[in-house]
Amino acid sequence: MAARRALRFTALAEGSSIGPETLGQIHDEVRRLTVAYPRLALPTLLGDLVEVQDLTFRLLEHGRVKPLQARDLYLLAGITSGMLAKASHDLGNPSAAMMQARTAFVCADNADHHAMRAWVRSLQSLISYWAGRPSEAADYATLGLGAAGNVRGTTSVWLACLSARAHALLGDGEATRTAIQQAEEARTVAEPDDLDAFGGIMTFPVPRQLYYVAEATVHLGEDPALGESQSEAAVAGYRTATEDEWAFGDEAGAQTDLALARIARGEIEGAIEAVQPVLDLPIEQRNFGITSSAQRVHSALQAEGRRNRGAAAAGLREEIEAFTATPTSVLVR
């Protein structure tokens, strides 16, 4: 709270236009939040995100920005709005998430930042995917790839992986495999850009790519054995990930994908082992993506009803029902 007050005071104390100290402080705060977002529970970050967005908007609205500073401040406002779009998504409100994402895109336009435009399209694809709109998710990924142009940061890898997941839900095997190949090619030529330099939610590390590829393969359903091996690789990738690469939400996604792959192979005990770490997460970390992933495991157990009538499967279904009944959103009103 004291740090937030200090940031606001500095911005007001520098007079008619913001100075290098204010801009530097805002940049440092945004970077702290981008790094923290994948690792910490949303309730611990939400107040700071709202505060920084409000401050950047006020500075831009009041015209206290020199022309050379405006681009940087619009970029910081766009990143913060993007994180708040992700926050709305994590709380299960896709409408508010899209509203914040559109604001982030306007900021990216005002900053004339190609990579940021592509990153926001990635975010919109992710929101649509989890909202159950795979065609829209695929369209946003295509828009993002078009916006990326000559961008060589890891956002280009994220876009291809998003395309793979969306097409997998649509049942388009050829498009899914093509997108996975595009992601691999994008990784080989990727060079960290100024968005990657922020770290955390603004970059797309290798473990996250493994998770997306596994999820696409599992949902496509053409090769359960391949889906299981890829999911195992993604889980292992997060177990050995560096601090900069680790994200509790994506690790949980990889674990639920492994459970889905094992259910498809009739391995209920193996599925329970895979998903148990997810079901042990505290309420603060039960965001919309994680609870949706757990619900997919529940649905898979029901779809395989004849094979899954045993006590173990019934117990897992009950545990998932209890888990999904208390998401993070109950803590944020």
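It should be noted that the structure appears before, not after, this text.
What comes next concerns the included structure. The structure displayed is predicted, hence computed values, not measured ones.

Describing helix H10 (residues 206–220)
The terminal C-alpha atoms of H10 lie 21 Å apart, and with 15 residues this matches the ideal 21 Å at 1.5 Å per residue to within 8%. Taking burial as the measure, the 15 residues of H10 include 12 buried ones, the bulk of the element. If you check which residues of H10 are buried, you get Pro207, Arg208, Gln209, Tyr211, Tyr212, Val213, Ala214, Glu215, Ala216, Thr217, Val218 and Leu220. The inward-facing, buried residues of H10 abut helix H6 (114–130), helix H8 (155–169), helix H9 (173–189), helix H11 (224–239), helix H12 (248–264) and helix H14 (288–303).

Things to note about the nonpolar core
Ile79, Met116, Trp119 and Val297 are the most contacted members of the largest nonpolar core, which has 93 residues in total. Ranked by size, the runner-up nonpolar core spans seven residues in total, among them Ala164, Ala168, Ala179 and Val213.

Thoughts on the packing of aromatic side chains
For the coordinates displayed, the defined rule picks out five aromatic pairs. Seen in terms of ring centroids, Tyr129 and Trp130 are 5.1 Å apart; in terms of plane orientation they differ by 85°. Their pairing is edge-to-face. Since its relative accessible area comes to 11%, Trp130 is described here as buried. Joined through ring pairs, the aromatic side chains of Trp119, Trp158, Phe204, Tyr211 and Tyr212 make up one cluster.

Topic: the pattern of salt bridges
Opposite charge on two side chains allows them to pair when their charged atoms are near. Applying the stated criterion across every chain yields a total of 18 salt bridges. Measuring nitrogen to oxygen at the nearest pair gives 2.8 Å for the salt bridge that ties Arg32 to Asp48. On the criterion of sequence distance, the pair formed by Arg32 in helix H2 (residues 20–36) and Asp48 in helix H3 (residues 46–61) is long-range, its members being 16 residues apart. We classify Asp48 as buried; its relative accessible area is 14%. We note a salt bridge from Arg177 to Glu222, for which the minimum N-O separation is 2.7 Å. Of this pair, Arg177 sits in helix H9 while Glu222 is found in the loop between H10 and H11, placing the two residues 45 residues apart along the sequence. On the basis of relative accessibility, which here comes to 45%, the residue Arg177 falls in the partly exposed class.

Quick notes on the rules
- Residues numbered from 1 in each chain as written.
- Predicted model: local features only at pLDDT ≥ 70, side-chain atom pairs only at ≥ 80, totals over all residues.
- Heavy atoms only, no water.
- Helix = DSSP H or I, 4+ residues; strand = E, 2+ residues; numbered from the N terminus.
- Expected span 1.5 Å × (residues − 1).
- Buried < 20%, exposed > 50% of the residue type's maximum accessible area, 1.4 Å probe, protein only.
- Contact = heavy atoms within 4.5 Å.
- Core = buried A, V, L, I, M, F, W, Y, C linked by side-chain atoms within 4.5 Å.
- Phe/Tyr/Trp six-rings, centres within 6.5 Å; stacked < 30°, edge-to-face > 60°.
- Salt bridge = Lys/Arg side-chain N within 4 Å of Asp/Glu carboxyl O.

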